[in-house]
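Structure at a glance
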Amino acid sequence: MSAPTMRAIQVHAFGGPEVLTYERVPLPEPAPGEVLIRVHAAGLNPPDWYARTGFATLPSTIRPELRLPFTPGSDVSGVVAKVGSGVTQWRVGDPVFGLVRFPQLNNGGKGYAEYTTSPSAHLARKPANLSHIQAAAVPMSALTAYQFLFDHIKPLPGTTVVINGAAGGVGHFLVQLAKLRQARVIAIASGRHEAFLHKIGADEFIDYTTTDVQHVLRDVDHLIDTVGGPQGHRFVPLVRTGGTISPVFFGEYHREEAAHRRITLPAGQVHSDGHQMNQLAHLIEGGRICVGVDSTYSLPDAAKAHERAELGHIQGKIVLSVVEE
Ligand SMILES: NC(=O)c1ccc[n+]([C@@H]2O[C@H](COP(=O)([O-])OP(=O)(O)OC[C@H]3O[C@@H](n4cnc5c(N)ncnc54)[C@H](OP(=O)(O)O)[C@@H]3O)[C@@H](O)[C@H]2O)c1
């Protein structure tokens with residue numbers, strides 16, 4: 001008898017969106033401590049396109065090794081299809097969502113597929129009030145926002161939190177979670193996102209395409225930068241002495257001036273965490289945070305989804321639909 005197969009996106013050579021091909025591949029088996037998930041939707045994240053290009057923009061010292069071919073994707077929402085030995089937390093048929101094996105990734109992630117495996121501890125029950133598409137938009141971005149605000153920065157009520165790149169995947173969860181911490185939230189994004197950001201709780205909005213932040217911000221307690229790059233330097237004089245600047249992506253921030261003014265740079269790499277996913281699920285079910293979906297593509301159209309991502313200006317998340325809802 002031939003081995004069971006499924007359909008998945010594969011990358012055989014590093015390159016542009018066109019290298020994402022839809023193919024038959026072997027059906028994975030859950031290892032001990034893992035479950036097999038029938039994926040209903042898979043969320044896109046920047047590491048998916050970094051992997052597609054062979055992490056070409058990362059310094060070679062921190063470049064993860066990838067064996068070709070591989071299936072990208074680490075955010076999934078679906079239903080437990082099989083339970084590996086030793087798993088007591090989940091049963092076949094349970095609706096689950098999670099960030100799977102991050103940052104280890106196990107050669108690319110394997111989320112853009114009809115089925116994928118996950119350590120049972122990386123998952124939480126899918127919020128009942130979300131579709132699988134909305135749920136697949138949550139894991140990496142919301143966990144990043146949660147870990148920055150609840151593990152790394154911990155802003156106190158009444159402090160000012162400025163979020164650069166506020167409308168994107170991570171940014172729109174940062175806005176909502178910073179409001180939950182009772183911060184005053186100032187969102188920086190391009191003008192098209194103003195109504196969206198006010199709707200999800202931003203107290204103030206700065207359109208970076210028309211306003212120079214250096215003219216309107218001062219004495220900021222916490223600045224969280226999801227954009228990064230050399231433009232980061234301009235934020236240092238805007239943060240109060242003893243405040244924080246948190247690079248979500250690699251950014252440059254006059255380190256000497258920051259140190260002189262006791263500005264610290266709390267940050268970290270997001271990691272899979274089923275317990276924190278569960279906290280997020282409760283907040284979503286309680287109507288405390290909502291999910292922005294920029295656009296949806298079917299699994300075979302993963303290349304089109306990556307083309308959309310390359311255009312930038314994402315509002316919320318891009319998601320692949322694997323099972324039609
Ligand atoms: N540390 C970690 O563990 C971690 C975890 C997740 C992601 N990341 C990194 O964080 C970054 C953001 O990820 P994401 O998923 O949120 O990306 P995303 O969904 O593409 O969002 C980026 C947002 O930035 C905005 N933007 C672009 N240029 C800007 C500028 N000059 N000033 C202000 N806003 C600008 C874009 O829209 P507009 O230009 O229209 O406003 C977009 O909404 C990525 O580089 C990713 O690799 C790091």
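What follows covers the overall build of the protein chain. The secondary structure content of the protein chain amounts to nine helices and 14 strands. Relative to the compact-globule value of 20 Å for 325 residues, the protein chain shows a C-alpha radius of gyration of 20 Å, a close match. With 325 residues in all, the protein chain has 47% of them scored as buried. Sequence separation of 24 or more characterises 65% of the internal contacts of the protein chain that already satisfy a separation of 6 or more.

Right, let's talk about the site of the ligand for a bit. Near the ligand lie 26 residues; those nearest to it are Gly-165, Gly-168, Gly-169, Phe-249 and His-313. Among the elements of the structure, α3 (139–153), α4 (169–180) and β9 (184–189) are those that each provide at least two residues to the shell around the ligand. Tallied by class, the residues present in the shell around the ligand amount to 12 nonpolar, 14 polar and no charged.

By size, the foremost hydrophobic cluster in this structure holds 87 residues, and its most contacted members are Ile-163, Ala-166, Leu-174, Val-175, Ala-187 and Leu-320. Per-domain counts for this core show at least three residues from each of domain 1 (5–138 + 291–321) and domain 2 (141–260). When residues no more than four places from it in sequence are discounted, the contact partners of Val-175 are Ile-163, Ala-166, Val-185, Ala-187, Leu-197, Ile-200, Gly-201 and Ala-202.

Moving on to α3. Across its 15 residues, α3 extends 20 Å between first and last C-alpha, which sits within 8% of the 21 Å expected from 1.5 Å per residue. Taken as a whole, α3 carries its principal kink of about 30° at Gln-147. Counting buried positions along α3 yields 11 of 15 residues, so the element is predominantly enclosed. Of all the positions in α3, only Pro-139, Met-140, Ser-141, Ala-142, Leu-143, Thr-144, Ala-145, Tyr-146, Phe-148, Leu-149 and Ile-153 are classed as buried. At the exit of α3 stands Lys-154, carrying a positive phi of roughly 50°.

Another aspect to go through is the pairing of strand β13 (residues 293–298). Bridging between β13 and strand β14 (residues 317–321) involves five bridges; their strand directions are parallel. Paired with Thr-296 across the two strands is Val-319, which belongs to β14. Note that the unit made of β13, helix α9 (residues 302–310) and β14 has a crossover that is right-handed.

A separate point is the domain arrangement of the protein chain. Looking at the assigned domains, one finds that the protein chain contains domain 1 (5–138 + 291–321) and domain 2 (141–260). Each of domain 1 and domain 2 has a C-alpha centre, and these two points are 28 Å apart. Residue-level contacts link nine residues of domain 1 with 11 residues of domain 2. By residue class, the composition of the side of domain 1 that touches domain 2 is three nonpolar, five polar and one charged.

Time to look at the packing of α3 against helix α8 (residues 274–285). Between α3 and α8, the least distance of the axes is 10 Å, while the angle of their chain directions is 95°. Classified by the angle their axes make, α3 and α8 are roughly perpendicular. Only Gln-276, Met-277 and Leu-280 of α8 make contact with α3, whose side of the interface consists of Pro-139, Ala-142, Leu-143 and Tyr-146. Looking at the contact of α3 with α8 residue by residue, the classes come out as six nonpolar, one polar and no charged.

In this section: the packing of α3 against α4. The contact between α3 and α4 brings their axes to 8 Å, and the two run at 45°. Classified by the angle between their axes, α3 and α4 sit oblique to one another. Taken as a pair, α3 and α4 cross one another with a handedness that is right-handed. Only Gly-169, Val-170, Phe-173, Leu-174, Leu-177 and Ala-178 of α4 make contact with α3, whose side of the interface consists of Ser-141, Ala-142, Thr-144, Ala-145, Tyr-146, Phe-148 and Leu-149.

To continue, consider the sheet that holds strand β11 (residues 220–225). Across the sheet, which stays open at both edges, the five strands sit in the order β10-β9-β8-β11-β12 with parallel pairing between neighbours. The open sheet is flanked by β10 (204–207) and β12 (239–247), the only strands paired with a single partner. The mean inter-strand angle of the sheet, taken between neighbouring strand axes irrespective of direction, is 20°. As paired elements, β9 and β10 share four bridges and run parallel to each other. Note on β10: the bridge partner recorded for Ala-187 is Phe-205. The strands touched by α3 within the sheet are β11 and β12, with β12 carrying the most contacts at an inclination of about 135°. Across the sheet, α4 is in contact with β8 (160–164), β9 and β11; its angle to β8 comes to roughly 170°.

About the criteria used
- Residues numbered from 1 in each chain as written.
- Predicted model: local features only at pLDDT ≥ 70, side-chain atom pairs only at ≥ 80, totals over all residues.
- Helix = DSSP H or I, 4+ residues; strand = E, 2+ residues; numbered from the N terminus.
- Rg over C-alpha atoms; globule rule 2.2 N^0.38 Å.
- Buried ≥ 20, exposed ≤ 12 C-beta atoms within 10 Å, placed from the backbone.
- Contact = placed C-beta atoms within 7 Å.
- Near = placed C-beta within 6 Å.
- Nonpolar A, V, L, I, M, F, W, Y, C, P; charged D, E, K, R; others polar.
- Core = buried A, V, L, I, M, F, W, Y, C linked by C-beta atoms within 7 Å.
- Domains from an automatic or database assignment.
- Expected span 1.5 Å × (residues − 1).
- Bend = angle between axes of the 7 residues up to and from the residue.
- Pairing = 2+ DSSP bridges.
- Right-handed = clockwise from strand over helix to strand, strands pointing away.
- Axes fitted to C-alpha atoms, helices over the stretch in contact; angles between N-to-C directions.
- Parallel < 35°, antiparallel > 145°, perpendicular 65-115°, else oblique.
- Left-handed = near helix turned anticlockwise from the far one by under 90°.

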